[in-house]
Amino acid sequence: MWRDIRALPIRVPFVDSESGLGFLLRAFSANGVSLLKARELFSIKDWRLLTPEQAAALSRATNAEPHWLAERLLMRDAQTPERFKYFGQLFGGHAAYANISAKVCPDCLRKKRWCHRVWILPGAAYCYVHGRPLIDSCRRCTKTISWLRPSIDLCKCGRYLEGDLSIGAWQAMPLASAWTQWLDLRLDTTRTSESNNIAGIPPFLNNLSIDGSTSLVLAFGEHERPDDSVSSPRKVTPSKLSAKIQRGIERLASIDGAPHEARRWSPYVHTPTLEKMKRSGITSADRRCAALLLSYVGRRSPRCHGGKQQRGQLELFF
Ligand SMILES: [Zn+2]
Ligand SMILES: [Zn+2]
């Protein structure tokens, strides 16, 4: 019975900035057990649907303190089951889907040999240490990087995970880099206030949840050209996502303090994302902010809101 599984003989050190899945991959592979095998042993159907009992059993097996591990695993929130919790922050269900692929920075992996907590977030696409996009597929076999790989830096195909090191393989995107650093600070309860000081990130995002800020950045960065008819496909490479984030932050920074300016970005914005945030944003500030911005960029009901700037509400966010 998986509840009776004892502690693994070889222990690995704990790293506070590591994701729970990354820790489990490291802890089990150090003992010659893949996460695929661990999933069988602990009757886990889906890593996104771990029960508290399974998380507790995994912590016993890996000698981790239960709360320490549970906090690092994207798990359903006990109070609001449609939401997920990660490092004490709430996320919508879409965060869980992003959790399927395992984005990594190959340079960080080679140097540190653990998976950074921020890589799991749907809005993380760029390494702020090495100034390059994360990768989500293996260069050798071209398949999506899996959590069920044999060890932290090996693909399921058996080759080392490597990025494209050729000159010009990626372009520097300082705002996408600052954004990942901002996300990481927001996950760290001891350093959250430092997120106010990240250059280039619009300060008003600090009033919103990580989930809501990510939705705004992605909504505003959606189209490179006005009225691009094609929306991003569901699966976007970290390079393309980085470019989208870079655009989204630039545009949001241009309306910080002057939200009515959002109107000029109207042909570039993905309004369904804002509509969803208005309906089911994580916090009331998220929902109000989405409603306010929609009143400027939404084209469905320009007569209701378009004529007037709602100054009374603006102070809440800007
Ligand atoms: Zn890196
Ligand atoms: Zn491979």
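Residues numbered from 1 in each chain as written. Chains lettered and ligands numbered in written order. Predicted model: local features only at pLDDT ≥ 70, side-chain atom pairs only at ≥ 80, totals over all residues. Heavy atoms only, no water.

Draft legend 1. Inspection of the packing of helix α7 (residues 174-187) against helix α8 (residues 210-220) at higher detail. Following both chains from N to C, one finds α7 and α8 inclined at 165°, their axes separated by 11 Å at the closest point. The angle between α7 and α8 falls in the class roughly antiparallel. As α7 runs across α8, the sense of the crossing is left-handed. Between α7 and α8, the residues in contact are W179, W182, L183, R186 and L187 and I210, S213, T214 and V217, respectively. Its residues assigned to classes, the contact of α7 with α8 shows six nonpolar, two polar and one charged. (Axes fitted to C-alpha atoms, helices over the stretch in contact; angles between N-to-C directions. Helix = DSSP H or I, 4+ residues; strand = E, 2+ residues; numbered from the N terminus. Parallel < 35°, antiparallel > 145°, perpendicular 65-115°, else oblique. Left-handed = near helix turned anticlockwise from the far one by under 90°. Contact = heavy atoms within 4.5 Å. Nonpolar A, V, L, I, M, F, W, Y, C, P; charged D, E, K, R; others polar.)

Draft legend 2. Region of interest: the coordination of the zinc ion (ligand 1). Taken together, the protein ligands of the zinc ion (ligand 1) are C105 (SG), C108 (SG), C127 (SG) and H130 (ND1), with distances of 2.1 to 2.3 Å. Between the four donor atoms coordinating the zinc ion (ligand 1), the angles at the centre fall across 102 to 114°, so the site counts as tetrahedral. Motif for the zinc ion (ligand 1), donor spacing along one chain: C-x2-C-x18-C-x2-H. With C105 in the loop between α5 (93-98) and α6 (106-112) and H130 in the loop between β4 (126-127) and β5 (132-133), the pair connects residues that are 25 residues apart, well separated along the chain. (Donors = N, O, S within 2.8 Å, 3.2 Å for Na, K, Ca; no water. Tetrahedral: all angles 85-135°; square planar, octahedral: opposite > 155°, others 65-115°.)

Draft legend 3. Structural view of the coordination of the zinc ion (ligand 2). Around the zinc ion (ligand 2), the protein contributes the donor atoms C138 (SG), C141 (SG), C155 (SG) and C157 (SG), which lie 2.3 Å from the metal centre. Coordination geometry of the zinc ion (ligand 2): the four donor atoms subtend angles of 106 to 116° at the metal centre, consistent with an arrangement described as tetrahedral. Sequence positions of the residues that donate to the zinc ion (ligand 2) give the spacing C-x2-C-x13-C-x1-C.

Draft legend 4. Structural detail: the sheet that holds strand β3 (residues 89-91). An order of β1-β2-β3 is seen for the three strands of this open sheet, with the pairing classed as antiparallel. Only two strands of the sheet have a single partner each, and these edge strands are β1 (75-76) and β3. Here strand β2 (residues 84-86) pairs with β3 via three bridges, running antiparallel. Looking at β3, one finds that K85 is bridged to L90. (Pairing = 2+ DSSP bridges.)

Draft legend 5. Looking closely at the environment of G20. If you trace the backbone, G20 turns up in helix α1 (residues 20-29). For G20, a relative accessible area of 0% translates into the label buried. Taking the C-alpha atoms as reference points, G20 and I120, separated by 100 residues in sequence, lie 9.9 Å from one another. Beyond its immediate stretch of four places on either side in the chain, G20 contacts L69, R72 and L73. (Buried < 20%, exposed > 50% of the residue type's maximum accessible area, 1.4 Å probe, protein only.)

Draft legend 6. Geometry of the confidence of the model for the protein. A residue-level look at the protein finds 87% of positions with pLDDT of 70 or above and a mean pLDDT of 87. Scored below 50 in pLDDT, residues 301-316 shows 18 contacts in the model against residues more than four places distant or in partner chains. (pLDDT = per-residue confidence, 0-100.)

Draft legend 7. Expanded view of the pattern of salt bridges. Enumeration over the complete set of coordinates arrives at 14 salt bridges. R26 is paired through a salt bridge with E18; the nearest N and O atoms lie 2.7 Å apart. D153 is paired through a salt bridge with R113; the nearest N and O atoms lie 2.6 Å apart. With D153 in the loop between β5 and α7 and R113 in the loop between α6 and β4, this residue pair connects regions lying 40 residues apart in the sequence. According to the relative accessible area criterion, D153 is buried, its value standing at 11%. Three or more residues joined by partner-sharing salt bridges are found here, namely D16, E71 and R72. (Salt bridge = Lys/Arg side-chain N within 4 Å of Asp/Glu carboxyl O.)

Draft legend 8. Broad picture of the packing of aromatic side chains. Applying the stated criterion across every chain yields a total of seven aromatic pairs. For the ring pair F14 and F23, a centre distance of 5.4 Å and an interplane angle of 35° mean the geometry is tilted. Arranged with centres 5.1 Å apart and planes meeting at 65°, the rings of F14 and W68 form a pair that is edge-to-face. Taken together, the residues F14 in the segment before α1 and W68 in helix α4 (residues 66-72) connect sequence positions 54 residues apart. The class of F14 is partly exposed, set by a relative accessible area of 43%. (Phe/Tyr/Trp six-rings, centres within 6.5 Å; stacked < 30°, edge-to-face > 60°.)

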